[in-house]
Amino acid sequence: MTELFGVPLPLFMGQLLIGLINGSFYAVLSLGLALIFGLLNIVNFAHGAFYMVGAFVAYLLLQWFGIGYWPSLILAPIIVGGFGMVVERFLLRPLHDLDHLYGLLLTFGLALILEGTFRHYYGVSGLPYTIPDALAGAQQLVVPAGVVGEEPLFIMALPNYRGWVIVASLLVCLTTWFLIERTKLGALMRAATENPDLVRAFGVNVPLLITLTYGLGVALAAFAGVLAAPIYSVNPIMGANIIIVVFAIVVIGGLGSILGAIASGFLLGVCEGLTRVFYPEGSSVVIFVVMAIVLIVRPAGLFGKAA
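Residues numbered from 1 in each chain as written. Predicted model: local features only at pLDDT ≥ 70, side-chain atom pairs only at ≥ 80, totals over all residues. Heavy atoms only, no water.

Engineer: Any details on the overall build of the protein chain? Residues and values, ideally.
Structural biologist: When its secondary structure is counted, the protein chain shows 11 helices and 4 strands. Since a compact globule built from 307 residues should have a radius of gyration of about 19 Å, the 20 Å found for the protein chain is in line with a globular shape. Dimensions along the principal axes, computed over C-alpha positions, put the protein chain at roughly 70 × 50 × 35 Å. Relative to its full complement of 307 residues, the protein chain shows a buried share of 47%. Long-range contacts, defined here as pairs at least 24 residues apart, represent 75% of the contacts in the protein chain between residues at least 6 apart. Total accessible area on the protein chain stands at roughly 14,800 Å², and carbon and sulfur atoms take up 69% of it. (Helix = DSSP H or I, 4+ residues; strand = E, 2+ residues; numbered from the N terminus. Rg over C-alpha atoms; globule rule 2.2 N^0.38 Å. Buried < 20%, exposed > 50% of the residue type's maximum accessible area, 1.4 Å probe, protein only. Contact = heavy atoms within 4.5 Å. Areas by Shrake-Rupley, 256 points an atom, 1.4 Å probe, with all protein chains shown as cover.)

Quick look at the structure:
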């Protein structure tokens, strides 16, 4: 059997795929978290709960209204993003001029309320969400004969849905980056937080822009939740299990850095996956080890700007 770095190639590629899948969720969640913190200076500890709510909204749309995966992929982020806008307008906006700690405590309490509510009604065992028929099955990855030997080399089976998750996450991340960094709306969003008085002088509704920005960050978390539902099942603690890792990734990429959140999410997902191959015992802490090293060498993060 062909080996790579002393590891059987199918095992290596399998863990690489798992790392890319996890990295896809890390990237989308980190992007939403970085967007909210970078533009609004809100430490959104409810981000993992919104990720969970996105998965539950997709599940409930299917159970109550028969709305399948594809419409839910659009409807769930809109619904949860709208809920996030209400949270910003009535709960977070009164805390705007106070210390960041108040916003952190409020969002932490909101996360506990959301998780506790869904746990009360649905338990913690997890609810199945079916993969759409169009993405069922898998593709066989094979190296043709003559490239590495006389016989074709089977590498792995790539589930269609896992491949879709990677592609969809990458497209959403790049689209969001383009919106924030290369469009007039993104420029207004950034200006509204850096110099709100000047932007308001030009007749721009700054509070509305801030609300929309928070809603967009929450919608990204919900989008990741819908993508995760068929893979990890739907349960109330799915956000609590991932939010600490996502915060670490945002710190590594640079607090508030949009590009840093995307790149760090994918790279650290791969790093975590490959660690399971070479040193399985360290796979659960490798991201935090990387965070500690980055903070020592570059406190602003890999893509952050020094103060």
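Engineer: Please give an account of the nonpolar core that cites residues and values.
Structural biologist: Grouped together as the largest cluster of nonpolar side chains are 87 residues, with contacts concentrated most on F25, F50, Y51, Y214, L227, V234 and I287. Take this core: its biggest share by element is 15 residues, from helix α8 (residues 206-232). Excluding residues that lie within four positions of it along the chain, I287 makes contacts with Y26, V245, A248, I249, I252, L268 and E272. (Core = buried A, V, L, I, M, F, W, Y, C linked by side-chain atoms within 4.5 Å.)

Engineer: Lay out a nonpolar patch on the surface with the relevant residues and their values.
Structural biologist: The grouping of V285, V289, I293, I296 and V297 at the surface amounts to a nonpolar patch, some 500 Å² of accessible area in total. In this fold, V297 is placed in helix α11 (residues 286-297). You can call V297 exposed: its relative accessible area is 66%. (Patch = residues over 30% accessible without salt bridge, like charges linked within 9 Å, V, L, I, M, F, W, Y side chains within 5 Å. Salt bridge = Lys/Arg side-chain N within 4 Å of Asp/Glu carboxyl O.)

Engineer: Before we move on, can you summarise the side chain of T275 with the specific residues and values?
Structural biologist: Among the secondary structure elements, T275 is positioned in helix α10 (residues 258-278). T275 sits in the buried class, given a relative accessible area of 14%. Engagement of the side chain of T275 in a polar contact is seen with the backbone oxygen of C271, the distance being 2.6 Å. Not counting the four nearest positions on each side in its chain, T275 is found in contact with P280, G282, S283 and V286. (Polar contact = N/O pair within 3.5 Å; in protein donor to acceptor, adjacent residues only side chain to side chain.)

Engineer: Run through the pattern of salt bridges, naming residues and quoting values.
Structural biologist: For the structure shown, the criterion picks out 2 salt bridges. Its salt-bridge partner being R93, residue E88 comes within 3.5 Å of it at the nearest N-O pair. By relative accessible area, which is 4% here, E88 ends up buried. For D197, the salt bridge goes to R200, with nearest N and O atoms at 3.1 Å. Residue D197 and its partner R200 are both found in helix α7 (residues 196-201); the two are separated by 3 residues, about one turn of the helix.

Engineer: Go over helix α2 (residues 47-65), please, and point to the residues and values.
Structural biologist: Compared with an ideal rise of 1.5 Å per residue, which puts 19 residues at 27 Å, α2 spans 26 Å between its outermost C-alpha atoms and is within 8% of the ideal. Taking burial as the measure, the 19 residues of α2 include 15 buried ones, the bulk of the element. Taken from the residues just after α2, G66 is the one with a positive phi, measuring 70 degrees. (Expected span 1.5 Å × (residues − 1).)

Engineer: How would you summarise the packing of aromatic side chains if you had to cite specific residues and measurements?
Structural biologist: For the structure shown, the criterion picks out 13 aromatic pairs. A centroid spacing of 6.5 Å and a plane angle of 75 degrees characterise the contact between W64 and F65, whose relative ring orientation is edge-to-face. There is no split in this pair, since W64 and F65 are both exposed. The interplanar angle of 80 degrees and the centroid separation of 5.1 Å between the aromatic rings of Y69 and W70 together place this pair among those described as edge-to-face. Exposure remark for W70: the relative accessible area of 38% places this residue in the partly exposed category. (Phe/Tyr/Trp six-rings, centres within 6.5 Å; stacked < 30°, edge-to-face > 60°.)

Engineer: I'd like a rundown of the environment of E115, residues and numbers included.
Structural biologist: Note on placement: E115 falls in helix α4 (residues 100-122). Of the residues examined, E115 reaches a relative accessible area of 13% and is grouped as buried. Taking the C-alpha atoms as reference, E115 lies 9.8 Å from A46; in sequence the two are 69 residues apart. Beyond its immediate chain neighbours, meaning those up to four positions away, E115 contacts A49, M52, P236 and A240.

Engineer: Any details on the state of the cysteines? Residues and values, ideally.
Structural biologist: The bond known as a disulfide is covalent and runs between the sulfur atoms of two cysteines. Using the criterion set out here, one finds 0 disulfides in the structure. With no disulfide of its own, C173 lies closest to C271 among cysteine sulfurs, the gap being 18 Å. The class for C173 is buried, based on a relative accessible area of 0%. Looking at C271, the relative accessible area reads 28%, which means it is partly exposed. (Disulfide = S-S within 2.5 Å.)

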